[in-house]
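Remarks on the overall topology
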Amino acid sequence: MNVNQPSERQKMTFWEKLYLPEIARGLGITFKMLIGPKMTIQYPEEKYHPGGYYRGRPVLVLDEDGERCVACGLCSRVCPPLAIEVRAGETEREKERYPVKFEINMLRCIFCGLCEEVCPEEAIVMSKDLEMVFENRESAILGKEKLLVPVAQLQDRLEYLRMHQYYEPPARVQDA
Amino acid sequence: MELLVDFLIGFLKALIVLFLVILPGASGAVYFERRIAAWIQMRIGPNRVGPYGLLQPIADVIKLIFKEDIIPAAADKRFHFLAPLISITITVAVFAVIPFGHYVVINGEPVYLGVAPNVHVGILYVLAMTSMGVYGLTLAGWASNNKYSLLGGLRSSAQMISYELAMGLSIVALLMVTGTPNLMEIVEQQAGLRWNVLYQPLGFLIFLVASFAETNRTPFDLPEAEPELVGGYHTEYTGMKFGMFFLAEYGNVIAASAMMTTLFFGGWQVPFLPELLGLQEGSVALALLQIASFTIKVAIFVFFFIWVRWTVPRFRYDQLMRLGWKVLFPLSLANVLITGLVMLIN
């Protein structure tokens, strides 16, 4: 018997039961929306410029003294759709290893950002690039020459990553 | 000979109304429906085809014409074909008695603006036509041989019967005030802002709600409730047959708006302005002014129909029936009673 008893909050006042004043109120709200500002971006003419939060095409960071990547292969290992292929080589530079081959298959990439998250060198990050059009399958596999982006262009994302670190070191116990 | 001339004038008027009022009106309503829906949802809406997207309805119609016409194998082909025709014919027929303006004097004889605005049974004719409109929907639902279509058709007939009563009774009260069912005379009585809505506010409210139900518009668009019935009565219709239902819906909206304008908001009457400008009764300038006045009033109502559609969610079926039978029907009866009492006292 006690199934559909309206709760105290659901009970309506007389004016609400009349329904028409509430409809008038709703009409007022929709009219405000009608003349208010619009959210639409007229895409080809107007471009969307996302902030550092945006996970677009994954790219390799290019410092002044060359690429950061040390070809550890963690990104390739963590990538859920197996989109990344890395082959390591030796180098005379201090970091000793570098990727001879680094390919991301953009047909596979799901923009999850795990590669960026797992990278110990902050060498692969998600860029703001959202316009990815390929005319055939071969051109969708991006090599190093297309992946390397100067660090200056990636400042927004790098800053964002530092502010929102996924892993926070446990807080030290303060001495009393 | 005179009969032939009368017939030709009537036929010409009908053509003018069809091609200059109903078709552009309906396509304009479709355009503004989409535009206003978008604006209310903080979008922009169709703006790519032609200036401001104004050619969008034409593009839509061309698309509809070129689509494949699918008739379900188990459908009743005759009625499946007939249903959209009934819908559109009846919608167009309503416009015959609506007065768009008073009259223009040509060769010393008044030519009334409207196909047959002086029909003595004007309101009855409109009521008859709107209640015939349900045949189109019900037949479409039945002939499609699809349970969703059938449910949509059934709902539409049940809804029409429920709201026709309230609508009829609200008009009865109005007829008691006006004393004539002739639409032209009703408009003539409303000269100088003596609009019927001032004498029949409750009647207008009932008529408004009932006409939302009669035209199958949200919040009473149960015959085509997408979440429950796929497409409702027009699930099995494609191409221009679907287009005809679509056209009929917007034609009905315009017809209902025109009826509300005519019955309650002074029709083509332009308050004060003709006296100020010194316009002659029967002159072309005054006629144009009257048509403009009528158009503006109708456009405001069409806007209201669209505005409400994007504000109020759809009723549940039992709520719809309860509102029709337990609220609007007694209210309209009470309205008739009160109107009668007031007239008796005066």
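Anything mentioned here points back to the structure above.
Structural notes, computed from the coordinates. (Residues numbered from 1 in each chain as written. Chains lettered and ligands numbered in written order. Predicted model: local features only at pLDDT ≥ 70, side-chain atom pairs only at ≥ 80, totals over all residues.)

1. So, the overall build of chain B
This is how it is decided: Counting from the N terminus, the helices are the DSSP runs of H or I reaching at least four residues and the strands are the DSSP runs of E reaching at least two. In this treatment the radius of gyration is a C-alpha quantity, and the globule benchmark scales as 2.2 Å times the residue count to the 0.38 power. Here the contact rule is simple: place C-beta atoms from the backbone, and any two residues whose C-beta atoms are within 7 Å are in contact.
Along its length, chain B carries 13 helices and two strands. For chain B, whose C-alpha radius of gyration is 21 Å, the value lies close to the compact-globule estimate of 20 Å for 346 residues. Dimensions of chain B, computed from C-alpha atoms along their principal axes, come out at roughly 60 × 50 × 50 Å. Within chain B, contacts between residues separated by at least 24 positions form 77% of all contacts whose residues are at least 6 apart in sequence.

2. Quick notes on the environment of V59 of chain A
All names here are of chain A. Considering the arrangement of structural elements, one finds V59 in strand β1 (residues 58-63). Each C-alpha atom, one on V59 and one on K128, is 9.8 Å from the other, the two residues being 69 residues apart in sequence. Apart from the residues within four sequence positions on either side, V59 is in contact with V125, S127, L147 and V149.

3. Here's the deal with the sheet that holds strand β3 (residues 84-90) of chain A
Within a sheet, each strand pairs with its neighbour through backbone hydrogen bonds, oriented either parallel or antiparallel. Applicable threshold: Whether two strands pair comes down to DSSP finding at least two bridges between them.
Spatially, three strands are ordered β3-β4-β6 (chain A) in an open sheet, and the strand pairing comes out antiparallel. Of all strands in the sheet, those bounded by a partner on one side alone are β3 and β6 (141-142) of chain A.

4. Details of the nonpolar core
Quick note on the threshold: In these notes, a nonpolar core means any group of buried Ala, Val, Leu, Ile, Met, Phe, Trp, Tyr and Cys residues linked to one another through C-beta atoms within 7 Å. Three exposure classes are used. Buried residues have 20 or more other C-beta atoms within 10 Å of their own C-beta, exposed residues have 12 or fewer, and partly exposed residues fall in between, all C-beta atoms being placed from the backbone.
Counting 82 residues, the largest nonpolar core has F95, A210, I254, M260 and V302 of chain B as the members making the most contacts within it. Look past the residues within four positions of M260 of chain B in its chain and what remains in contact with it is F207, L208, S211, F265 and F301 of chain B. Counting residues in hydrophobic clusters, the runner-up holds 21 residues, among them L60, C115, A123 and L142 of chain A.

5. Some points on the pairing of strand β2 (residues 109-112) of chain B
Residue and element names in this part refer to chain B. Examined bridge by bridge, strand β1 (residues 103-106) and β2 share four bridges and lie antiparallel to one another. Bridge pairing in β2 links I106 to E109. Turn length for the β1-β2 hairpin, with the two strands adjacent in sequence and antiparallel, is two residues, and the turn residue N107 shows positive phi of about 55 degrees.

6. Observations concerning the packing of helix α1 (residues 2-40) of chain B against helix α12 (residues 284-309) of chain B
All names here are of chain B. Rule in force here: Helix axes use the C-alpha atoms of the stretch in contact, all axes being lines fitted to C-alpha atoms, and the angles between their N-to-C directions lie in the range 0 to 180 degrees. Should an angle lie under 35 degrees it is considered roughly parallel, over 145 roughly antiparallel, and from 65 to 115 roughly perpendicular; all remaining angles are considered oblique. Left-handed is the label given to a crossing in which the near helix is rotated counterclockwise from the far helix by less than a right angle, and right-handed is the label when the rotation is clockwise. We call Asp, Glu, Lys and Arg charged. Ala, Val, Leu, Ile, Met, Phe, Trp, Tyr, Cys and Pro are nonpolar, and the rest, Gly among them, are polar.
Contact geometry of α1 with α12 gives a least axis separation of 10 Å together with a crossing angle of 40 degrees. Taken as axis vectors, α1 and α12 run oblique relative to one another. Crossing hand, α1 versus α12: right-handed. Residue-level inspection shows A29, F32, E33 and I36 of α1 in contact with α12, the latter providing V302, I306 and W307. Residues belonging to the contact of α1 with α12 are distributed by class as follows: six nonpolar, no polar and one charged.

7. Considerations on unusual backbone geometry
Of note, A71 of chain A is a non-glycine position whose phi angle comes to about 55 degrees, a positive value. Since 24 C-beta atoms lie within 10 Å of it, A71 of chain A is described here as buried. Backbone geometry places N216 of chain B, a non-glycine residue, at a positive phi of 60 degrees. Along the chain, the position of N216 of chain B falls in the loop between α8 (201-214) and α9 (226-229).

8. A closer look at helix α5 (residues 147-178) of chain B
All names here are of chain B. Heads up, the rule is: Here the expected length of a helix is defined as 1.5 Å per residue gap, with one fewer gap than residues. A residue's bend is the angle separating two fitted axes: one through the seven residues that end there, the other through the seven that start there.
Taking 1.5 Å as the rise per residue, α5 with 32 residues should run 46 Å; its terminal C-alpha atoms sit 45 Å apart, in good agreement. By the largest-angle criterion, E164 marks the main kink of α5, which is about 25 degrees. Looking one or two residues past α5, G179 carries a phi angle of roughly 75 degrees, positive in sign.

9. Examining the environment of Y237 of chain B
Residue and element names in this part refer to chain B. Relative to the elements of secondary structure, Y237 occurs in the loop between α9 and α10 (239-264). Taking the number of C-beta atoms within 10 Å as the measure of exposure, Y237 has 24 and is therefore buried. Discounting residues that sit within four places of it in the chain, Y237 has contacts with P84, A140, F242 and F245.

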